[in-house]
Amino acid sequence: MSARCFRSLGIDPVTGRGAFVDARPGGVLEELADVHALKAAAVLVTVVGAVLEGGRSSDTELASFVPSLHAALEECVGIMAADREG
């Protein structure tokens, strides 16, 4: 059984609620969750990059990105580790 339990598939456009799955390793839902995680990380990189290029953010404003960046990095590392195991 995978250490990662519930994985996000994004936001339901109708209800606005998050969609989460308990994905089986190597299954279709895990693949969809991986794609969503990588797309979300790419968007986060773009946003943080734009903020850094602007050069006008305070340390406090920049620090607000740390939890999101950590979560995205942790999920991406988990995806890479699962790929190596499989």
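Scroll up for the structure.
S.K.: Explain the pattern of salt bridges here, please?
M.R.: For the structure shown, the criterion picks out two salt bridges. Residue R7 pairs with D34 through a salt bridge whose shortest N-O separation is 2.8 Å. A residue pair is termed long-range when its members are at least 10 positions apart, and R7 in strand β1 (residues 6-11) and D34 in helix α1 (residues 28-54) qualify at 27 residues. The pair R7 / D34 is uniform in exposure class, with both members buried. When the shortest N-O distance is used, the salt bridge between E75 and R7 registers 3.0 Å. On the criterion of sequence distance, the pair formed by E75 in helix α3 (residues 66-85) and R7 in strand β1 is long-range, its members being 68 residues apart. Looking at R7, the relative accessible area reads 3%, which means it is buried. Through salt bridges with shared partners, a single ionic network connects R7, D34 and E75.

Reading guide: rules and limits
Residues numbered from 1 in each chain as written. Predicted model: local features only at pLDDT ≥ 70, side-chain atom pairs only at ≥ 80, totals over all residues. Heavy atoms only, no water. Salt bridge = Lys/Arg side-chain N within 4 Å of Asp/Glu carboxyl O. Helix = DSSP H or I, 4+ residues; strand = E, 2+ residues; numbered from the N terminus. Buried < 20%, exposed > 50% of the residue type's maximum accessible area, 1.4 Å probe, protein only.

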